[in-house]
Amino acid sequence: MLSIADNFLSAMELEYHRMILLSKVDVPTLNKFGMWVHSHEIESGQLNDIHYKLGVIWKITTEKTQNYFKDILGVDVVPYSFRYQCTNSDYTIHPHKDGSVRDKSIDNCYSSIVYLNDEWDESLGGNFEIEGNSVVSLPNRLVIYSRDEEHWVSSALSKWNLPRQMLLISWSKNNG
């Protein structure tokens, strides 16, 4: 499954994500590690309030994405892990499949990406590749895919002046 929605967030929501991303963790750290928060941290009591790390915009975006799954794709899902990430033009990912989450079979698990960068030009490369599709990292684009599908990030075609920023969420079917 591959689903793409452009202009997913409001301008204010998108800007708030950028602000949170760059205020919580500096760009060099994000380039190296990203910033992860797993739902098991909340479920186990290790992190009492997800907003402590990500801010209220996480909740809004998660709910919007969850509603997109339900209303557009007809899939009832719950979030598992959240990751803000910045990447530079040296960043590539080789073909792979994501793992399953919450002990669900991999065909009942999904990933979503919301690209948060200010601007993007498809001539830069570094596209998300899946199902014979090359998906450009356009600002405010939502990409949803099944974790059992092989995917990768292609090489950049030139150096990027700004890092590509994104929010990644892992999902599992609520019942399945």
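Quick note: structure is the one above.
First, a word on what this report is: a plain description of the structure on this page. Remember, it's a predicted structure, so these values are computed and weren't measured experimentally.

A few points about the layout of surface pockets
So, step 1. In this structure, the largest pocket spans a volume of roughly 370 Å³.
So, step 2. Listing elements by their share of the lining of the largest pocket, those giving two or more residues are β3 (77-87), β4 (93-96), β5 (109-115), β9 (151-153) and β10 (164-173).
So, step 3. Residue composition of the lining of the largest pocket, grouped by class: twelve nonpolar, ten polar and four charged.

Topic: the nonpolar core
So, step 1. In terms of nonpolar packing, the biggest core is built from 21 residues, with F8, F69, L116 and L142 touching the most fellow members.
So, step 2. Sorting the residues of this core by element identifies α1 (11-24), α5 (56-73), β3, β5, β8 (142-146) and β10 as the ones contributing at least two each.
So, step 3. Apart from the residues lying within four places of it in its own chain, the contact partners of F69 are G74, V75, V77, Y110, I144 and W171.
So, step 4. The next biggest cluster of nonpolar side chains, apart from the first, holds eight residues, and it includes I113, Y115, V135 and Y145.

Description of the side chain of N140
So, step 1. Structurally, N140 is set in the loop between β7 (133-135) and β8.
So, step 2. Accessibility expressed as a relative area gives 7% for N140, which makes it buried.
So, step 3. Ignoring anything within four residues of it in the chain, the contact list for N140 reads A5, D6, N7, F8, L9, L14 and Y115.

Rules and cut-offs
- Position labels on residues start from 1 in each chain and follow its written sequence.
- A pLDDT threshold of at least 70 governs which residues receive local features in this predicted model, and a stricter bar of 80 or more applies before side-chain atom pairs are shown or counted, although totals over entire chains, interfaces and linings include all residues.
- Think of the side-chain values as coming from all heavy atoms in the structure, minus any hydrogens and water.
- Put plainly, a pocket is an open set of points on a 1 Å grid over the protein atoms alone with protein on both sides within 12 Å along at least five of seven lines, a cavity is a set where a 1.4 Å probe fits but cannot get out, and a lining residue has an atom within 4 Å of a point.
- Grid points are joined across faces, edges and corners, and a volume is the space filled by probe spheres set on the points.
- Counting from the N terminus, the helices are the DSSP runs of H or I reaching at least four residues and the strands are the DSSP runs of E reaching at least two.
- Polar here means any residue other than Ala, Val, Leu, Ile, Met, Phe, Trp, Tyr, Cys and Pro, which are nonpolar, and Asp, Glu, Lys and Arg, which are charged; Gly is therefore polar.
- Side-chain atoms within 4.5 Å are what join buried Ala, Val, Leu, Ile, Met, Phe, Trp, Tyr and Cys residues into a set we call a nonpolar core.
- Throughout this description, buried means an accessible area under 20% of the type-specific maximum (1.4 Å probe, protein chains only), exposed means over 50%, and partly exposed covers the range between.
- Contacts are assigned to residue pairs with any non-hydrogen atoms lying within 4.5 Å of each other.

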